[in-house]
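Here's the letter readout for the chains.
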Amino acid sequence: MGLTAQSTGIHAFLEELSHSPLKADAVVALAGNPNTGKSTVFNGLTGLNQHTGNWPGKTVVLAKGNYRHKNKNITLVDLPGTYSLLANSADEQVARDFICFGDPDATVVVADATCLERNLNLVLQVIEITPKTILCVNLVDEAKRKRIAVDCPGLERSLGIPVIPTAARDKVGLTELKEAIHKVAFGLQSNQPKRIIYNERLEAAIGRIQGEVERLFQGKFNSRWVALRLLDGDPSIIHEMRNYLENGPGSKQNKIDGRGSGML
Ligand SMILES: Nc1nc2c(ncn2[C@@H]2O[C@H](COP(=O)(O)OP(=O)(O)OP(=O)(O)O)[C@@H](O)[C@H]2O)c(=O)[nH]1
Ligand SMILES: [Mg+2]
């Protein structure tokens, strides 16, 4: 028997998450290039409150954990390490689908302070999908050793999102990270990420497609980002959008935790 739309991808993963007894007040995705310290940040924030699950239909394992901050239960999902979200591999597709269709309350991108430029590629892709992004500049201890200084306030101004320096292995900066997550996830701070402006022809095409996407999905996804992916000719995005529609857009099931129904 083949897998149905309901039993594949993000929908099945959401179903699996929904069996957890703890209700989450917010769900936060943790993304980043491979080996930037995502799992170290994840472990530092969640301690032993975690378990792993397989992404249905793919050999991709995700870890999910919980922590409490300011009387709120936060569920953190450690996404696979990826250099991009262009869905060139199963890992990239899972990370992209989770950020785009899972509708997390915030997404933290963990970057390596010693090679920030390469890591910023993913940051720009994530802020193109969601403004609710936080940049965690990790391994600042290692950067200091290599005499690399990172201007986090300057980066904040350039990117339009909070930028938090951490040395996660020593648990440095994790309290500040929790605070930034809290503000973004609960809408106490609204980010204004820098938008990448493409050439005139591309912008005109984006505008035309974006209008159609808005009409069809009524603000359910970031229509500009979807338009860009459609212009890329990415077939997986069409598949995932259809999947989303078949499961009832906006239904609680499509939220990662089914907040409000007390499922997590
Ligand atoms: N010096 C230093 N090392 C760190 C820091 N954070 C993580 N590490 C180390 O970096 C290595 C990779 O850390 P992980 O947490 O496994 O990185 P990851 O991003 O989860 O890696 P993948 O899941 O393989 O993509 C480990 O040896 C960590 O101990 C840090 O802030 N400073
Ligand atoms: Mg990891």
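Above this note sits the structure.
Cut-offs used in this document
- Residues numbered from 1 in each chain as written.
- Chains lettered and ligands numbered in written order.
- Predicted model: local features only at pLDDT ≥ 70, side-chain atom pairs only at ≥ 80, totals over all residues.
- Heavy atoms only, no water.
- Near = heavy atom within 4 Å.
- Areas by Shrake-Rupley, 256 points an atom, 1.4 Å probe, with all protein chains shown as cover.
- Helix = DSSP H or I, 4+ residues; strand = E, 2+ residues; numbered from the N terminus.
- Buried < 20%, exposed > 50% of the residue type's maximum accessible area, 1.4 Å probe, protein only.
- Pairing = 2+ DSSP bridges.
- Expected span 1.5 Å × (residues − 1).
- Contact = heavy atoms within 4.5 Å.

Novice: Tell me what's going on with the site of ligand 1, and back it up with residues and numbers.
Specialist: What surrounds ligand 1 is a group of 14 residues, the closest being Lys38, Ser39, Thr40, Asp141 and Ala168. Burial of ligand 1 by the surrounding chains reaches 71%, relative to a free accessible area of 650 Å². Of all the elements, helix α2 (residues 38-46) adds the most residues to the shell around ligand 1, at 3 residues.

Novice: Residues and numbers for the pairing of strand β1 (residues 26-32), please.
Specialist: It is a general feature of regular strands that their side chains alternate between the two faces of the sheet. Taking burial as the measure, the 7 residues of β1 include 7 buried ones, the bulk of the element. Neither face of β1 is open: one carries Ala26, Val28, Leu30 and Gly32, the other Val27, Ala29 and Ala31, and all of them are buried. When β1 meets strand β4 (residues 72-78), the two strands line up parallel, connected through 5 bridges. Pairing of Val28 across the sheet is with Leu76, part of β4. Relative to strand β5 (residues 106-112), β1 runs parallel, the two sharing 5 bridges. If you follow Ala29 over to β5, its bridge partner there is Thr107.

Novice: Any chance you could break down helix α8 (residues 200-217) for me, citing the residues and the numbers?
Specialist: Its 18 residues place the ends of α8 25 Å apart at the C-alpha level, agreeing with the 26 Å of an ideal helix rising 1.5 Å per residue. Tucked inside the fold, the buried residues of α8 contact α9 (223-232) and α10 (235-246). Gln218 occupies a position one or two residues after α8 and carries a positive phi of about 45°.

Novice: I'd like a rundown of the environment of Val123, residues and numbers included.
Specialist: Relative to the helices and strands, Val123 resides in helix α4 (residues 116-129). A relative accessible area of 0% means that Val123 is categorised as buried. Measuring from C-alpha to C-alpha, the distance between Val123 and Thr133 comes to 8.5 Å, with 10 residues separating the pair along the chain. When residues no more than four places from it in sequence are discounted, the contact partners of Val123 are Val109, Leu135, Leu159 and Ile161.

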